[in-house]
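Given next are the chains, with one letter for each unit.
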Amino acid sequence: MDPYLLTNIRHPLQMISPGVLVLIALITILYLSRNTIWRLRKPIRRLMTSDPYSDFHYELNVVPTDPTSGDRYNPRSKWMNMGYWADAQTFPQACEALAKKVILSAHCVEGGRVLDVGHGCGDSLLLYLLDPSIPRPAFIQGITSERTQVNIATARCSSVTTSGDSTPPIIEILHGDAVYRPEGNGYPKTKQHPLDPMNSSSPFTSITAIDCAFHFRTRKMFLSQCLNRLAPGGYIGLADMGIVPVSTGPTYMHLLRNFLTRAICVVLSIPVENMLTPDAYLTELHDIGFVDCKINVITEDVFPPLAKFLQSRSYRKDLSPFWWFTGFIFDIWCRICGGTYIIVEARKPLA
């Protein structure tokens, strides 16, 4: 059996009661703190650098059964999101499927203006340039906080847009925080921030944020800025995380779940205030001013198969403990903390 392809085998954690799982989670965290942190020192040190995600995730894009996928130092694709695994068997397939769901929810139009926030190494940008099923924009702007990813995405997109296309879209990739901050903390120094309310460029017809908005401080501020910079009738599409309250169990279970939820938010760099229920998320969108708001919960096609995939990575000795532990965290997040994964769609009113 190929350990890198998904199977229909039931995950062992699904056979354990939530109470026992909470206890196992706490014991595992304590155990790791004593026995495994030393093995994780290299990837943890890498995560603490200024560009933690530069190429750290490359090995996830390698498909052992497909020699054309490249190697862990230079894979053909360089995706880094949680993926939509309903019909996917490999990490790149799942990541592309999730990106396409977000692009679809943003109602991209031929000749439109697109802002892609948190695009990583540029794979989502390449979809706009290469995928015939996606309407070709006239202008694409990307922004990410990782300098290395800006350089990688710029080089990859340049090689495509200059490869013979007679009318390639204009593409501009910026380094900066996704949220505009008037004090200038983290936004581009040489260009106006795309979400600056004083930005004089034409508004965007679509804004996408794939698997990143839950990190923003804060997401509500980001969504408000997006509404301001969208053209009338323009859409925003997101792949995002949320949470649902788990009401079953005794009081001690609620306390343990609350502890685990906050601990995982710290580990994943997620502001707790961004963790909303789907209903609360819809209310926030409406309060900001969006209309035609929709939320599609796809949790079961994201967290369980992602956890299984991450816990199967074993051929790179210095990283396998990191990926196993990451998969364990996502499984606990989904099964115990009530973590949800959603596709969000919302439109700016015409007037």
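We now turn to the structure provided with this report. (Residues numbered from 1 in each chain as written. Predicted model: local features only at pLDDT ≥ 70, side-chain atom pairs only at ≥ 80, totals over all residues. Heavy atoms only, no water.)

### Remarks on the environment of Cys 265
The test is simple: Secondary structure elements are defined from DSSP: runs of H or I of at least 4 residues count as helices, runs of E of at least 2 residues count as strands, and each element is numbered from the N terminus. It only takes one pair of heavy atoms within 4.5 Å for two residues to be counted as in contact.
Topologically, Cys 265 is positioned in helix H7 (residues 251–267). Along the backbone, Cys 265 and His 215 are 50 residues apart, and their C-alpha atoms lie at a distance of 9.5 Å. Not counting chain neighbours up to four residues away, the residues in contact with Cys 265 comprise Ile 270, Val 272, Met 275 and Trp 333.

### Here we look at the nonpolar core
Note the threshold: What we call a nonpolar core is a set of buried Ala, Val, Leu, Ile, Met, Phe, Trp, Tyr and Cys residues that are connected through their side-chain atoms within 4.5 Å. Buried, partly exposed and exposed residues are distinguished by accessible area as a fraction of the type maximum, computed with a 1.4 Å probe on protein chains only: under 20%, between the cut-offs, and over 50%, respectively.
By size, the foremost hydrophobic cluster in this structure holds 59 residues, and its most contacted members are Met 82, Leu 98, Met 241, Met 275, Phe 303, Trp 333 and Tyr 341. Where this core is concerned, the elements lending two or more residues are helix H3 (91–105), helix H4 (123–130), helix H5 (147–161), strand E7 (230–243), H7, helix H9 (303–310), helix H10 (320–335) and strand E9 (339–347). In terms of residue count, H10 provides more of this core than any other element does, nine residues in total. If near-sequence neighbours (up to four positions away) are discounted, Trp 333 is found in contact with Met 241, Gly 242, Ile 243, Thr 261, Ile 264, Cys 265, Met 275, Phe 303, Gly 338, Gly 339 and Thr 340.

### Points about helix H8 (residues 278–288)
Put simply, the test is: To be clear, the arc concerns the directions from the helix axis to the C-beta atoms.
Among the residues making up H8, those that are buried are Pro 278, Tyr 281, Glu 284, Leu 285 and Ile 288. In an axial view of H8, the angular spread of the buried residues amounts to 120°, which keeps them on one side of the axis. Those residues of H8 that are exposed and angled more than 90 degrees off the buried face are Asp 279 and Asp 287. Downstream of H8 by one or two residues, Gly 289 has phi in the positive range, about 130°.

### A short note on the pairing of strand E6 (residues 204–210)
Convention followed: What makes two strands pair is DSSP finding at least two bridges between them. Look down the strands so they point away from you; if going from the first strand over the helix to the second traces a clockwise path, that crossover is right-handed.
With respect to burial, E6 is a largely interior element, six of its seven residues being buried. Sheet analysis places strand E3 (residues 113–117) next to E6, joined by four bridges and oriented parallel. Paired with Asp 116 across the strands is Thr 208, a residue of E6. Summarising the sheet, E6 and E7 pair through six bridges and their orientation is parallel. Residue pairing across strands places Ile 207 opposite Ile 236, the latter belonging to E7. Regarding the hand of the β-α-β motif, the stretch spanning E6, helix H6 (residues 219–229) and E7 is right-handed.

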